[in-house]
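What follows is the residue order along each chain.
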Amino acid sequence: QVQLVESGGGLVQPGGSLRLSCAASGFPFNRYTMSWLRQAPGKERELVAVISSAWGSTNYTDSVKGRFTISRDNAKNTVYLQMNSLKPEDTAVYYCKAGRNYGLGREDVYWGQGTQVTVSR
């Protein structure tokens, strides 16, 4: 049974920090690209950060570069999102996503249930 369980969300003041965690089970974690996405009220879901399976290379959306860091611990089947210098516009539900592309149109994608991050005074 595949599970992605996010934790670490909450209410934080502007300028503060949070670390999100996503614990995975039920699939070969170290073979999957892991991503964090977010969805704010009334907006489409957007990709925030991604980390590859093989070399751990990372990529970020421009609005979080220099503030957020994605990392993974393959021994613990967990991916993290360290969020610093948080801004009110970072407020959203944050989702963990696991993906593996086998080619020829075949892809496995798994989603977590989401965790709320609210940045406000």
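The preceding data block contains the structure.
Residues numbered from 1 in each chain as written. Predicted model: local features only at pLDDT ≥ 70, side-chain atom pairs only at ≥ 80, totals over all residues. Heavy atoms only, no water.

## Quick word on the pairing of strand 3 (residues 18-25)
Move 1: Bridge count between strand 1 (residues 3-7) and strand 3: 5 bridges; the pairing is antiparallel. Paired with E6 across the bridge in strand 3 is C22.
Move 2: Two strands pair when backbone bridges link them, and strand 3 and strand 8 (residues 78-83) are joined in this way by 6 bridges, in the antiparallel orientation. Across the sheet, R19 pairs through a bridge with Q82, a residue of strand 8. (Pairing = 2+ DSSP bridges. Helix = DSSP H or I, 4+ residues; strand = E, 2+ residues; numbered from the N terminus.)

## Notes on the side chain of R67
Move 1: Structurally, R67 is set in the loop between strand 6 (58-60) and strand 7 (68-73).
Move 2: What R67 contacts, discounting residues up to four positions off in sequence, is Q82, M83, N84, S85, L86, K87 and D90. (Contact = heavy atoms within 4.5 Å.)

## With respect to the state of the cysteines
Move 1: Under the counting rule described, the total for this entry stands at 1 disulfide.
Move 2: Each sulfur of the disulfide joining C22 and C96 lies 2.1 Å from the other. Handedness of the C22-C96 disulfide follows from its S-S torsion of about -80°: it is left-handed. Of this pair, C22 sits in strand 3 while C96 sits in strand 9 (residues 92-103), placing them 74 residues apart in sequence. In this pair, the class of C22 matches that of C96, namely buried. (Disulfide = S-S within 2.5 Å. Buried < 20%, exposed > 50% of the residue type's maximum accessible area, 1.4 Å probe, protein only.)

## Some points on the pairing of strand 5 (residues 46-51)
Move 1: In this structure, strand 4 (residues 33-39) lies alongside strand 5, joined through 5 bridges in antiparallel fashion. Note that in strand 5 the partner of M34 across the bridge is I51.
Move 2: Between strand 4 and strand 5, which follow one another and run antiparallel, lie 6 residues, and G42 among them has a positive phi close to 75°.
Move 3: Examined bridge by bridge, strand 5 and strand 6 share 3 bridges and lie antiparallel to one another. Bridge pairing links V50 to N59 in strand 6.
Move 4: Hairpin connection of strand 5 to strand 6: 6 residues between the antiparallel strands, including G56 at a positive phi of 70°.

## Details of the packing of aromatic side chains
Move 1: Taken as a whole, this structure holds 4 aromatic pairs when the rule is applied.
Move 2: Ring plane angle 85° and centroid distance 6.4 Å describe the contact between Y95 and W111, whose orientation is recorded as edge-to-face. Here W111 lies in strand 10 (residues 106-111) and Y95 lies in strand 9, a separation of 16 residues in the sequence.
Move 3: On the accessibility criterion, W111 (39% relative accessible area) is partly exposed.
Move 4: Here the aromatic cluster, defined as three or more aromatic residues joined through ring pairs, consists of F27, Y32 and Y110. (Phe/Tyr/Trp six-rings, centres within 6.5 Å; stacked < 30°, edge-to-face > 60°.)

## Re the sheet that holds strand 8
In a beta sheet, neighbouring strands pair by backbone hydrogen bonds and run either parallel or antiparallel.
Move 1: Read from one edge to the other, the open sheet built from 4 strands follows the order 1-3-8-7, with strand pairing classed as antiparallel. Bordering the open sheet on either side are strand 1 and strand 7, each of which pairs with just one other strand. Each adjacent strand pair in this sheet contributes to an overall mean axis angle of 15°, direction not counted.
Move 2: Both strand 7 and strand 8 contribute to a ladder of 6 bridges, which runs antiparallel. Looking at the pairing, D73 lines up with T78 of strand 8. (Axes fitted to C-alpha atoms, helices over the stretch in contact; angles between N-to-C directions.)

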